[in-house]
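What follows is the residue order along each chain.
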Amino acid sequence: MPASFSLEGKTAIVTGGSRGIGFAIARAFVEAGARVLLCGRNEAAAAAAAERLGANALARVCDVRDPASVEEFVAWAWSLAPIDVVVNNAGVSPYYKRAELIEAHEWDEVLEVNLRGTFLMSVANARRMFAAERRGVIVNVASVAGLVPLERLAAYSAAKAGVIQLTRALALEWADRGVRVNAVAPGWVETDFTAGLFASRHAPKLLADVPLGRFGTPDDVVGAVVFLASDAASYATGSVVVVDGGRSVR
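Residues numbered from 1 in each chain as written. Predicted model: local features only at pLDDT ≥ 70, side-chain atom pairs only at ≥ 80, totals over all residues. Heavy atoms only, no water.

Chemist: Go over the side chain of N89 with me, naming the residues and quoting the values.
Modeler: Inspection of the secondary structure puts N89 in the loop between β4 (85-88) and α4 (104-132). A polar side-chain atom of N89 sits 2.9 Å from the main-chain carbonyl oxygen of G16. (Helix = DSSP H or I, 4+ residues; strand = E, 2+ residues; numbered from the N terminus. Polar contact = N/O pair within 3.5 Å; in protein donor to acceptor, adjacent residues only side chain to side chain.)

Chemist: Residue-level account of the packing of helix α1 (residues 20-31) against helix α8 (residues 218-229), with values.
Modeler: Here α1 crosses α8 at 50°, and the two axes come no closer than 9 Å. Of the possible angle classes, the one that applies to α1 and α8 is oblique. Note that α1 runs across α8; the crossing there is right-handed. From α1, G20, I21, A24, I25, R27, A28 and F29 reach across to α8, where they touch P218, D219, V221, V222, V225, V226 and A229. The residue makeup of the contact of α1 with α8, split by class, is 11 nonpolar, one polar and two charged. (Axes fitted to C-alpha atoms, helices over the stretch in contact; angles between N-to-C directions. Parallel < 35°, antiparallel > 145°, perpendicular 65-115°, else oblique. Left-handed = near helix turned anticlockwise from the far one by under 90°. Contact = heavy atoms within 4.5 Å. Nonpolar A, V, L, I, M, F, W, Y, C, P; charged D, E, K, R; others polar.)

Chemist: Now, about the nonpolar core: what can you tell me, with residues and values included?
Modeler: Counting residues in each nonpolar core, the largest one holds 35 residues, and the members touching the most others are V14, I25, F29, L38, V87 and V225. Listed by contribution, the elements that provide at least two residues to this core are β1 (11-15), α1, β2 (35-40), α2 (43-53), β4, β5 (136-141) and α8. Residue contacts for V14: discarding those within four places in its chain leaves G22, I25, A26, F29, V36, L37, L38, C39 and V87. Formed by 29 residues, the second largest nonpolar core is a distinct cluster that contains V64, V70, V92 and V181. (Core = buried A, V, L, I, M, F, W, Y, C linked by side-chain atoms within 4.5 Å. Buried < 20%, exposed > 50% of the residue type's maximum accessible area, 1.4 Å probe, protein only.)

Chemist: I'd love a proper account of the environment of E190, names of residues and values included.
Modeler: For E190, the position within the fold is in the loop between β6 (179-186) and α6 (195-198). Looking at E190, the relative accessible area reads 45%, which means it is partly exposed. Separated by 169 residues in sequence, E190 and I21 have C-alpha atoms that sit 9.1 Å apart. When sequence neighbours within four positions are dropped, the list of residues in contact with E190 reads F198, F215, G216, T217 and P218.

Chemist: Pulling in residues and values, what's your account of unusual backbone geometry?
Modeler: Non-glycine residue E133 carries a positive phi angle of around 55°. As for its placement among the helices and strands, E133 is situated in the loop between α4 and β5. Assessed through its relative accessible area of 76%, E133 is described here as exposed. Residue R152 is not a glycine yet carries a positive backbone phi of 70°. Within the secondary structure, R152 is located in the loop between β5 and α5 (154-174). In this structure R152 comes out as partly exposed when scored by relative accessible area, which is 21%.

Structure follows, in structure tokens:
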């Protein structure tokens, strides 16, 4: 049974892999035997993350919002090896405020990175998988915000709900060509991403809404991603694995 969870010999792309949940996923993939190609907008941070992961990790700059940047990154990745797994983790949520205060450019920024970026990276890799007649796996990092609306996160909630529906649509369209598409939906996780919010006056209320009584860590999320990427999940597609400490059932 443990062998079915192995990623030995597989090559994986992890977007937003230089820190937080993305870095934890990349580290877990390397430990499971995969070669990992990191994608990030900050060249120095991505390179540093790859160096920390060791010989089985490489990094390259990519802006997932930009079709040309995505195509350039994917062409580079496939020139190294056929891609078996794509993890769409890149995301932003820099605005924590009521919906009527969100500016149009702020809305666009959140939707472009979280939803448009997931679509572009998924399609660019799937086209190559189809052309090579190779099976593949795509794992999208959604959020509990895509399942239950979170106050002061209207744009992020809308984007992650879109990621969940995109996951299901792609799973339906691509199943007959051997590409599985699933998602994980983390809850409140302690990362650089959430540090400011968790240090604010809002933190006690956020924590009170988590039945398990604590915020998550990146390591709480990686097991679900490794499972979905592995042969242990060979009959799973269109699924959303919720890892939120019970927040969505509150």
